[in-house]
Amino acid sequence: MRFANQVAVVTGAGRGIGHAIALKFASEGARVAVVSRNENNALRTADEINERHAGLAKAYSVDVANHAAVASLAEQILSDFSRIDILVNNAGVTRDGLSMRMSEEDWDTVVDTNLKGTFNCIQAFERAMIKQRSGRIINIGSVAGLMGNAGQANYAASKAGVLGLTKTIARELASRGITCNVVAPGFIATDMTEVLPDKIKQAVIGQIPMASFGKPEDIAAAVAFLASAEAGYITGQCLTVDGGMVM
Ligand code: NDP
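Bear in mind the structure is a predicted one, so any value in this text is a computation, not a measurement.

Enquirer: Please set out the sheet that holds strand E6 (residues 178-185) residue by residue, giving values where relevant.
Expert: The 7 strands lie next to each other as E3-E2-E1-E4-E5-E6-E7, forming an open sheet whose pairing is parallel. Either end of the sheet is taken by a strand with one partner, and the two such strands are strand E3 (57-61) and strand E7 (238-241). Looking at each pair of strands side by side, their axes are set apart by 15° on average, direction ignored. In this sheet, E3 lies alongside strand E2 (residues 31-36) in parallel orientation, the contact comprising 5 bridges. Within E3, the residue paired with Val35 across the bridge is Tyr60. On the sheet, helix H3 (residues 67-81) packs against strand E1 (7-11), E2 and E3 and is oriented at approximately 165° with respect to E3. Here helix H9 (residues 216-227) sits on the sheet in contact with strand E4 (86-89), strand E5 (135-140), E6 and E7, set at roughly 165° to E6.

Printed below as a string of C-alpha cells:
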C-alpha cells in the first residue's frame, strides 16, 4: 500500500485517464478527492471507488478554469480531508482546428482549462503542502506539447505551457520537500481520442513504434510512480508515456 494514510486530489477524474488515476491511488490505500466538471461523472467514479474500498473517495465538481471556484473547492477539500499529499492536474479539453480558422473562444477554452486550470489548482493547494513540508504535484501534459500537432495550436501551446509552469513550480517548491513533474501521454484510448476519424487513428498508429494506442492505466502507473516515495529525488521532469512516439 504505497499511499496508505495519504490524500490525493485528482482533477478530471470523472472519465478517462483521471478515472484510472483515481482508482489506482485508491487501490494503493489513498483517500481520493474525485474532481470533475460534471457532478454525475465525479459521483460515478467516487461510488466505484467506495464500492471497492469503502469510504476512501468523495466527489466534487468544479470548472478548473474558474480561479475563485477552485480556491473555494480547495478550502472544502482541505476541510473534508485535513491534508493533501498528492495533486494530479489532469482535467483537459481539446477544440481542434487549423490556426487560420481557430476561433478566439476555442483558443481561450483550451488554454483556460489546460494551463490556467493547472495553475489555479496548484495555487489553491500549494500553501497546505508547504505547511506540511511535503507533497507531490503531477501535471498531465501531452506529446502535442513536446512536438506540436497540426490542428492543435491551442492544445499544444497549453501543454507546452504546462511544462514551463511545472519547471517553475518545481524550482519554487523544491526546498519545501515538494516535487512537481509532468506525465506526457501519447495517444490513449479515451473519449478524447474516440472522436478522431478512423483515417487519423490509423495515421497516428503508424507513428507509434509500439503500434497501438495506450490505456488510461498506463498513464496511471506513471503518475503513481512519480507520486510515490521512490520518486522523491525527481522534480521538474517530463515522463513521456507514448509507446515510443517521441524519442
Ligand atoms: P476525457 O475527455 O476522457 O476526460 C477529460 C476529463 O477532464 C473529464 O473528467 C472532464 O470532466 C474533465 N474536465 C474537462 N474540462 C474541465 C474543466 N473545465 N473543469 C474540470 N474538469 C474538466 O480526456 P482524457 O482522459 O483523454 O484526458 C485526460 C488528460 O490527459 C487531459 O489533460 C488530456 O489533455 C491529457 N491527454 C490525453 C491524451 C489522450 O490520448 N487521451 C493524450 C495526451 C494528453 P467531466 O467528465 O466532468 O466532463
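Enquirer: Account for the site of the ligand, with residues named and values stated.
Expert: Near the ligand you find 30 residues, and of these Asn38, Asn90, Tyr155, Ile188 and Thr190 are the closest. Gly12 has a polar backbone atom sitting 3.2 Å from an oxygen atom of the ligand. Separating an oxygen atom of the ligand from a side-chain N or O atom of Tyr155 is a distance of 2.5 Å. Contact with the protein chains hides 96% of the accessible area of the ligand, taken as 900 Å² for the molecule alone. Looking at the shell around the ligand, the elements with two or more residues in it are helix H1 (16-27), helix H6 (153-173) and helix H7 (191-194). In terms of residue count, H7 provides more of the shell around the ligand than any other element does, 3 residues in total. Of the residues belonging to the shell around the ligand, the class tally is 11 nonpolar, 14 polar and 5 charged.

Enquirer: Can you tell me about the packing of H3 against helix H4 (residues 104-132), naming the residues and giving the values?
Expert: With their axes 9 Å apart at the nearest point, H3 and H4 run at an angle of 35° to one another. With respect to the hand of their crossing, H3 and H4 are arranged in right-handed fashion. Together, His67, Val70, Ala71, Ala74, Ile77 and Leu78 of H3 and Asn120, Cys121, Gln123, Ala124, Phe125 and Ala128 of H4 make up the contact between the two elements. The residue inventory of the contact of H3 with H4, partitioned by class, reads 9 nonpolar, 3 polar and no charged.

Enquirer: How would you sum up helix H2 (residues 39-52)? Please name residues and give values.
Expert: Taking 1.5 Å of rise per residue, the 14 residues of H2 would be expected to cover 20 Å, and the 20 Å separating its terminal C-alpha atoms lies within 8% of that figure. Those residues of H2 that sit buried are Asn41, Ala42, Thr45, Ala46 and Ile49. Down the axis of H2, the smallest arc covering the buried residues is 130°, so these residues share one side. Residues Glu39, Asn40, Arg44 and Glu51 are exposed on H2 and point more than 90 degrees away from its buried face.

Enquirer: Account for the pairing of E5, with residues named and values stated.
Expert: Remark: a regular strand shows side chains that alternate across the two faces of the sheet. E5 sits mainly inside the fold: 6 of its 6 residues count as buried. The side-chain alternation of E5 yields two buried faces, one formed by Gly135, Ile137 and Asn139 and the other by Arg136, Ile138 and Ile140. As paired elements, E4 and E5 share 4 bridges and run parallel to each other. Bridge pairing links Ile86 to Arg136 in E5. Each parallel crossover has a hand, and the one from E4 via H4 to E5 is right-handed. Pairing analysis gives 6 bridges linking E5 to E6, with the strands arranged parallel. By the bridge assignment for E6, Ile138 is matched with Asn181.

Enquirer: Break down the layout of surface pockets for me, with residues and values.
Expert: Of the voids in this model, the second largest pocket is the one considered here, and its volume is about 150 Å³. For the second largest pocket, the full set of lining residues is Phe187, Ile188, Ile208, Met210, Ser212, Phe213, Gly214, Lys215, Asp218, Val241, Asp242 and Gly243.

Conventions used here
Residues numbered from 1 in each chain as written. Predicted model: local features only at pLDDT ≥ 70, side-chain atom pairs only at ≥ 80, totals over all residues. Heavy atoms only, no water. Pairing = 2+ DSSP bridges. Helix = DSSP H or I, 4+ residues; strand = E, 2+ residues; numbered from the N terminus. Axes fitted to C-alpha atoms, helices over the stretch in contact; angles between N-to-C directions. Contact = heavy atoms within 4.5 Å. Near = heavy atom within 4 Å. Polar contact = N/O pair within 3.5 Å; in protein donor to acceptor, adjacent residues only side chain to side chain. Areas by Shrake-Rupley, 256 points an atom, 1.4 Å probe, with all protein chains shown as cover. Nonpolar A, V, L, I, M, F, W, Y, C, P; charged D, E, K, R; others polar. Left-handed = near helix turned anticlockwise from the far one by under 90°. Expected span 1.5 Å × (residues − 1). Buried < 20%, exposed > 50% of the residue type's maximum accessible area, 1.4 Å probe, protein only. Arc of directions from axis to C-beta. Right-handed = clockwise from strand over helix to strand, strands pointing away. 1 Å grid on protein atoms, 1.4 Å probe; cavity = no way out; pocket = protein on both sides within 12 Å on 5 of 7 lines; lining within 4 Å. Points joined across faces, edges and corners; volume = space filled by probe spheres on them.

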